[in-house]
Structures are given as C-alpha cells and as structure tokens.
Amino acid sequence: MKRRANTQTRFTKPQGKIKNQKPPTGIVYIVGAGPGDRKLITLKGMECLQRADVVIYDLLLNDALLEHCPAHTEKIQAPDPRIRTTRQDELNHLLIEHAKAGKIVVRLKGGDPYIFGRGGEEAVALTEAGIPFEVVPGITSAIAASAYAGIPVTHRDYASSVAFVTGHSAALHPDSNINWAQLSTAVDTLVVYMGVAHLRQIVERLTAHGRDPQTPVSLVRVGTTPRQHVVQGSLTDIVQKVEETQLKSPAIIVVGEVNRLREQLRWFDTKPLFGKRILVTRARAQASDFADLLAANGAEVLQFPTIKIQPIEGVNIPSPHAYDWVIFTSVNAVEIFYERLRGSGKDVRALGGSSIGAFGVKTVEALNRIGIHPDFVPSHSRGSAIATEIGDVSGKKILLPRAKIATADLPNDLREKGAQVDDVPLYDTLKVANDGDKRRDEIEADLLKGSIDFVTFTSSSTVTNFLEMFPAHAPTALLANVKVAVIGPTTQKTALVRDVRVDVVAKEASVESLVEAIVEA
C-alpha cells in the first residue's frame, strides 16, 4: 500500500542511499478520544488522526472518528480486554513494531489515556523501547458523562472536592491500595469507574466506613451518546433500582449531593429527538449537515448511504453567454457546473449576461458562495412552481444543468411555455454497492424488529436504491415498524409508487425543514 512520507521522523533524512540503512523511527501519539460523543475529541487529537499511518483503537470507541483518517491509514482494533489476558502486551508490541517501521502511529483510547486508560503503561513500554511519543489528553467520562446527565461534579453549594476511583474487582480485594475507610468520607463527590458489576460491594464499603446511607447516587450508562441512560437513587436503594432496570456496563457511578441538581440541570436527554434512532440514506458526502442537525436534536444517526454522486466525464458545458436563463436545481449542479467552468478557464463572469434561477435554499446558498445572487427562486421546490412563477419565457433559451436521472417534468413545462431548453446532464446518481455488507445485514435486522424509529429519504434515487438493497423483503414488510420521512412531494410520489408508506413530508425541500417535520412528528 502506498504511504505518504513520514513528516514526524526525529532524524534528518540523508541525501544519498546508505547501505544497510535502518528505517527512521516513527512516533506514537497516545490520544484520548473522549467518552462517546465524537465531537468531544480535542483539536490536537483530530490533527493526529488526520496524519496517521496506523491507528490502533479501543473496542468501545465511536468508530465515526476513524473517518477523519487518510485513505492510506491502517486501522487496527485493539484486542478485547474481556477475553484476552495478554492484551496489553500485544498492544505494546504493535505500537513498537509500527513505530520502528517509521510510521506515525495513533493509539486512540476512550476517555483520557492517563485516567484508568493504561496509557501510562504504554508510555513506559515505548520509553523502554526508545520510541518517541506524545500524549494528547482526552475528556474523561467522569466529567463528560456527569455533565451530559446534568450533574456537576463540583458546585459551590454542594461539593468542593471530587475523587475518581476504579471499581474494578482488584480495587475491592483486601490487599487493594485503595483506602476505602478514608476515601468514603474524605471527598464530597466520588466518581467510580468500571463499578457496575460490583455496585453492591462498593455501596457496602462506603456505608460501612461512614458515608450517609441517604447520600444520592446516579449511574450514567454510555454517557454523552443518544443511548445515555441514567438511574438515580441513594446508597440505600440504588442496588435494587439498578437490578430492576437491568442497567449494564459501561457506566460511571456518581456518589454525592451534587446528584440533587440533575432535575434542574439536565439538558441532554431532554432534547426532542433524544433516544430516537434515525437512518440517513443520503450520499455520504452530502449527509454531514443533515446528520449534524439530527444529532443536535438528540438523535442517534445511522448513516447508510444508498447513493453516491459522480460527475459525468466528457461533458462540456455550453457557454452561458448563449442563454437567457441558467437554472440550477441542486447544490451538486452548482458545484460541478462551476468546477467545469473554471476548468475551461472561465469564472462567474461568464454568467453575467444570463438570468439565474435556483431551486431550494441550499442551492441559493451554494450560488452565494461563488458570488451569485439568483434572480429567481420559486416559492416551492417543484418543477411546476418554477415553470408557473418564472414569468414569460417564450422564445428564451434556457440552460438546465442537472442530474442525469432527473425527471422530464421541468424541461417539458418550460417548453410548453415556449422556451428553448437545453437539458444537460452533469452528474450521475449511482447506487452504492453493498453486496454482502455486514452493515446492511445489521440495518435489515434493526428495521424488521423496529429498533430504528425513522428512515429518511432526500431524493427519489435514495428510495429506489434503498429498496433494491433489501430484495428479500417487500417494502411494506421491511418498513412496517418504522416511520418514513421524505424531503418533498417528488420523493413522496416515488415512495408511494414503490409501496412505501410515508409518515412525514418536509414543508420545504431542505434538510432543515425535514428535521423540523421529524421533530413535530
């Protein structure tokens, strides 16, 4: 596999070849990725990922972070600590092996590397092997999960001290170096990591050594994610409540009066779409804004692109000077048209003699970014609205750069009004190949059992391609337990023709409007 040059080597590269020269030593970045919300990684941590030759990542990590790696990056999942007793030795060996090969290695760890993350052990191993390393701190779950649950670990009126402690079985052995007798009452807030399986023993130790049995306790499971689950009680009843809810790890245990603030300060799990799992079928390159809006409203976003946008090679765009109107119906059309325009040695001045029409808010924004303010934007994002509202176009020449699979309704309507229309296909909307894809099988299972709340479609092609990916099921059966949300009437029409029940239709053809409609639903 071709790999870019290592810019992090600690040695000056010699000008000529040296016989038996050893490869330059690489470097290891031990990076904390935060507790679950992928946006909680630091800027420096993100920069390390963007330069990595190798990433060795933890099992429970949000793997969306790996999308920031270059195409050449080798991604290695760390061994499961629950089944591999030699895990740490294996990890240390991997880090040293790849660094000695001159690679930029990122050891991506959940939370913070030096807070119960065994990052210190890895750093010692690297030092002993003579490997240069850097540590990039991360946001630890004691801080992040508590904050997302509405629990400040310190507060002037409730707590001026906090301690982090492991609840692993080793911490409960008689010879443990954790002094439970003093720790139980020495700090106002106690946050216990990895303690769910030993909750009863932890409670017994705290109360036996003087902690008030009425002290509030919270358990925060998978904190900072849309699957976050909080169970609250006191040292007297928390074990029973956790057993009743069958809460499992991973979770932190927060002990202290600060837990009383949750009802007043909770903000994350009160979002309108919190806990909802929403499937996004849009092309990956276009899905980020949509996914971010859904996530901002609390949803768990499942990205499952069914299409990809591919410019059509060999298409030469006509000179805009020859047209009275140029009408853009999508962001893709604007971006690809402008790229081709610049490739021919021209810029936006070539459009100076033409009136510009734009279909939808996002298309207007794309035109604004290249310095064009459209002359005409229809009130509705439908071809019929453009033809009705554009005015007298009899005898006018209109250029329509757009998708190859676009329907003929718009050019036909304009021709009926006497216009001369050149319908130029600039890009193709292709089906994403998913044959034998594990991800597809997982989505299929989730759809059938109803563990996905919404499936979203932002174009007719997403509907068609999505259904073709699941040929074993009729649409009515596949989507029987799921709500379907579409971006507009054209997509709705395609869905209904394909026997897909539509529950939500956006008022305007924009992802913002679609998110609003989903929230209302």
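Residues numbered from 1 in each chain as written. Predicted model: local features only at pLDDT ≥ 70, side-chain atom pairs only at ≥ 80, totals over all residues. Heavy atoms only, no water.

Caption draft 1: Highlighting unusual backbone geometry. Going from Ser249 to Pro250, the amide bond is cis rather than trans, its omega being 10°. In this structure, Pro250 sits in the loop between helix H7 (238-245) and strand E10 (251-255). One non-glycine residue, Asp499, lies in positive phi territory at about 70°. Mapped onto the secondary structure, Asp499 falls in the loop between helix H17 (489-497) and strand E20 (504-505). (Helix = DSSP H or I, 4+ residues; strand = E, 2+ residues; numbered from the N terminus.)

Caption draft 2: Examining the sheet that holds strand E2 (residues 54-57) more closely. Ordered in space as E3-E2-E4-E1-E5, the five strands form an open sheet in which the pairing is parallel. In the strand order of this sheet, the two ends are held by strand E3 (74-77) and strand E5 (133-136), each with one partner. Averaged over all adjacent pairs, the angle separating strand axes in this sheet is 15°, with direction ignored. Where E2 and E3 come together, four bridges link them in parallel fashion. The residue bridging Tyr57 from the neighbouring strand is Gln77, located in E3. Contacting strand E1 (27-32), E2, strand E4 (104-109) and E5, helix H1 (residues 43-50) crosses the sheet at an angle of about 135° to E5. (Pairing = 2+ DSSP bridges. Axes fitted to C-alpha atoms, helices over the stretch in contact; angles between N-to-C directions. Contact = heavy atoms within 4.5 Å.)

Caption draft 3: Seen up close, the environment of Asp157. Residue position: Asp157 is located in the loop between helix H4 (141-148) and strand E6 (162-166). Along the primary structure Asp157 and Val258 are separated by 101 residues, whereas in three dimensions their C-alpha atoms are 8.8 Å apart.

Caption draft 4: Representation of the nonpolar core. With 26 residues, the main nonpolar core has Leu190, Leu199, Leu219, Ile238 and Ile253 as its most contacted residues. For this core, the secondary structure elements donating two or more residues are E6, helix H5 (180-186), strand E7 (189-193), helix H6 (199-208), strand E8 (216-221), H7 and E10. With residues near it in sequence (within four places) discarded, Ile253 still touches Leu190, Val191, Val192, Gly195, Val196, Leu199, Ile202, Val217, Ser218 and Leu219. (Core = buried A, V, L, I, M, F, W, Y, C linked by side-chain atoms within 4.5 Å. Buried < 20%, exposed > 50% of the residue type's maximum accessible area, 1.4 Å probe, protein only.)

Caption draft 5: Region of the structure containing the packing of helix H2 (residues 87-100) against helix H3 (residues 119-128). Across the interface, H2 lies against H3 with an axial gap of 10 Å and an inter-helix angle of 45°. The angle between H2 and H3 places the two elements in the oblique class. Considering how the two elements wind past one another, H2 and H3 form a crossing that is right-handed. In this structure, H2 uses Gln88, Leu91, Asn92, Leu95 and Ile96 to contact H3, whose residues at the interface are Glu121, Glu122, Ala125 and Leu126. Of the residues that constitute the contact of H2 with H3, the class distribution is five nonpolar, two polar and two charged. (Parallel < 35°, antiparallel > 145°, perpendicular 65-115°, else oblique. Left-handed = near helix turned anticlockwise from the far one by under 90°. Nonpolar A, V, L, I, M, F, W, Y, C, P; charged D, E, K, R; others polar.)

Caption draft 6: Main features of H7. Looking only at H7, the buried set comprises Ile238, Val239 and Val242. Relative to the axis of H7, the buried residues are bounded by an arc of 100° and lie together on one face. Residues of H7 that are exposed and point over 90 degrees away from its buried face: Glu243 and Glu244. Buried residues along H7 sit in contact with H6, E8 and strand E9 (229-234). The first or second residue beyond H7 is Gln246, which carries a positive phi of 55°. (Arc of directions from axis to C-beta.)

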